[in-house]
Amino acid sequence: MQSPIFQLTRRNFSLQILAFFGLSAAPSVFAKSGGDVLLAHNAPATLNPTGYLISEKLDGVRALWDGSQLKFRSGRTVAAPAWFLAKLPKTPLDGELWLARGKFDALSGMVRKTQPVDQEWEQVRYMVFELPDGAGDFSERAARIKLIVRGINSPHVAGVEQFRVATPAALRDRLDSVVAQGGEGLMLHLANAPYVTGRNPALLKLKKVADAEAQVVAHVPGKGKFKGVLGALDVKTEDGQRFKLGTGFNDEQRRNPPAVGSMVTYSYRDTTPSGKPRFASFLRESQEP
């Protein structure tokens, strides 16, 4: 028999999701939490997708358009070519600069240059998935994104496709399909959620392997075969957990590791009773200091 938390109606859906994550049903839960962007929780594998708009999780670089400048999550300006920005509207947008599945490293190298290379940016698309401070619920904002992108009429700007599935089995099938084609996973956004920021259960990510972010606190020198290069990153999660991240790096990343203060993304299988990740492995640098 299905758990009561998944026996949802449109009226009580949001409250039951909050209960699933152990959060209060007070009105402040969906208020802005102080962050600049909305960040996702990991979705439980048995999640019922009723009430969500779903999209592919793109392996891109988060970028926010404030109506005049394109910026990374850190607030640093993206040095995009003038022609790339020329068609963007006065309306603020949130999305990811994206190249293709499995091309994050190449994309990151392109968009972080202080002097943009036109031929490289010709390959980049700005994939829009949110309207900062937009009115209405997410389903209404998603509909407006379609209209805005249509009006922009640029091959370099697209709205992220949002879709629905009816059952947990259909959700797993869609995840399997995306991963089989080289994708990372899925994002699930509560269709009736207002615009919120910070890490919030209004947005969930569903992957075959869980991932999370942590801030680099220090570099741990390598020993043995890693003598003279990085051995591990000393990192701290947003809830204060501190641990060593020592696997998942290629030779170049060990020679030139993410800077102290930067944010990195790591994968993990589960957590210890104290909350530390098990079998954590470096995936990528997710935000510069």
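Rules and cut-offs
- Residues numbered from 1 in each chain as written.
- Predicted model: local features only at pLDDT ≥ 70, side-chain atom pairs only at ≥ 80, totals over all residues.
- Heavy atoms only, no water.
- pLDDT = per-residue confidence, 0-100.
- Contact = heavy atoms within 4.5 Å.
- Core = buried A, V, L, I, M, F, W, Y, C linked by side-chain atoms within 4.5 Å.
- Buried < 20%, exposed > 50% of the residue type's maximum accessible area, 1.4 Å probe, protein only.
- Helix = DSSP H or I, 4+ residues; strand = E, 2+ residues; numbered from the N terminus.
- 1 Å grid on protein atoms, 1.4 Å probe; cavity = no way out; pocket = protein on both sides within 12 Å on 5 of 7 lines; lining within 4 Å.
- Points joined across faces, edges and corners; volume = space filled by probe spheres on them.
- Nonpolar A, V, L, I, M, F, W, Y, C, P; charged D, E, K, R; others polar.
- Phe/Tyr/Trp six-rings, centres within 6.5 Å; stacked < 30°, edge-to-face > 60°.
- Lys NZ or Arg CZ within 6 Å of the ring centre and 35° of its normal.
- Pairing = 2+ DSSP bridges.
- Axes fitted to C-alpha atoms, helices over the stretch in contact; angles between N-to-C directions.
- Salt bridge = Lys/Arg side-chain N within 4 Å of Asp/Glu carboxyl O.

Draft legend 1. Fine view of the confidence of the model for the chain. Here the chain shows a mean pLDDT of 87. Residues at 70 or above account for 87%. Here residues 1-35 is a poorly scored stretch, pLDDT under 50, and it has 57 contacts once near neighbours within four places are set aside; other chains count.

Draft legend 2. Expanded view of the nonpolar core. Membership of the largest hydrophobic core comes to 26 residues, with the highest contact counts inside it found for Leu 70, Phe 84, Leu 97, Val 111, Trp 121, Val 124 and Tyr 126. The element best represented in this core is helix H3 (residues 104-111), accounting for four residues. Among residues more than four places away in sequence, those in contact with Leu 97 are Gly 60, Val 61, Ala 63, Leu 70, Val 78, Phe 84, Leu 107, Val 111, Trp 121, Val 124, Arg 125 and Tyr 126. One finds Ala 40, Leu 188, Ala 193 and Leu 204 within the second-largest nonpolar core, a separate group that totals 21 residues.

Draft legend 3. Spatial organisation of empty space enclosed by the protein. Scanning the entire structure with this criterion turns up two cavities of 30 Å³ or more. Forming the walls of the largest cavity are 36 residues, and the residues nearest its centre are Lys 57, Arg 62, Glu 96, Phe 129 and Met 187. Of the residues forming the lining of the largest cavity, the biggest block, four residues, is contributed by strand S2 (residues 52-57). Residue classes in the lining of the largest cavity are distributed as 14 nonpolar, six polar and 16 charged.

Draft legend 4. Fine view of the packing of aromatic side chains. Here the structure, examined in full by the defined rule, presents five aromatic pairs. Here the aromatic rings of Phe 243 and Tyr 266 are separated by 5.2 Å at their centres, their planes lie at 75°, and the arrangement is edge-to-face. With Phe 243 in strand S12 (residues 242-245) and Tyr 266 in strand S13 (residues 263-268), this pair connects stretches of sequence that are 23 residues apart. Judged by its relative accessible area of 4%, Tyr 266 is buried. Aromatic pair Phe 249 and Phe 282: ring centres 4.6 Å apart, planes at 20°, arrangement stacked. Of the two residues, Phe 249 sits in the loop between S12 and helix H7 (251-255) while Phe 282 sits in strand S14 (residues 281-287), which places them 33 residues apart along the sequence. Using a relative accessible area of 10% as the deciding quantity, one classes Phe 249 as buried. Among the aromatic residues, those joined into a cluster by ring pairs are Trp 83, Phe 84 and Trp 121. When the ring centre of Phe 72 is taken as reference, the NZ or CZ atom of Arg 112 above it lies at 5.1 Å. Above the ring of Phe 163, the side-chain terminus of Arg 174 is found at 3.7 Å from the ring centroid.

Draft legend 5. Highlighting the sheet that holds strand S1 (residues 38-42). Across the sheet, which stays open at both edges, the four strands sit in the order S1-S9-S8-S2 with mixed pairing between neighbours. Looking at which strands have only one partner, the edges of the open sheet turn out to be S1 and S2. Put simply, the sheet's adjacent strands are angled 40° from each other on average, direction ignored. Here strand S8 (residues 185-190) pairs with strand S9 (residues 198-207) via five bridges, running antiparallel. If you follow Gly 185 over to S9, its bridge partner there is Lys 207. Running at roughly 135° to S8, helix H6 (residues 168-180) makes contact with S2, S8 and S9 of the sheet.

Draft legend 6. Just the layout of surface pockets, in detail. Roughly 330 Å³ of internal volume is contained in the largest pocket. Residue lining of the largest pocket: 17 residues in total, with Ala 212, Glu 238, Asp 239, Tyr 266 and Tyr 268 positioned closest to the centre. Here the lining of the largest pocket is built from residues that sort into five nonpolar, six polar and six charged.

Draft legend 7. Focus on the pattern of salt bridges. Per the stated rule, a full pass over the model turns up 14 salt bridges. A salt bridge links Asp 176 to Lys 208, with the nearest nitrogen and oxygen atoms 2.3 Å apart. Of this pair, Asp 176 sits in helix H6 while Lys 208 sits in the loop between S9 and strand S10 (210-221), and the two are 32 residues apart along the sequence. By relative accessible area, which is 35% here, Asp 176 ends up partly exposed. Lys 208 sits in the exposed class, given a relative accessible area of 53%.

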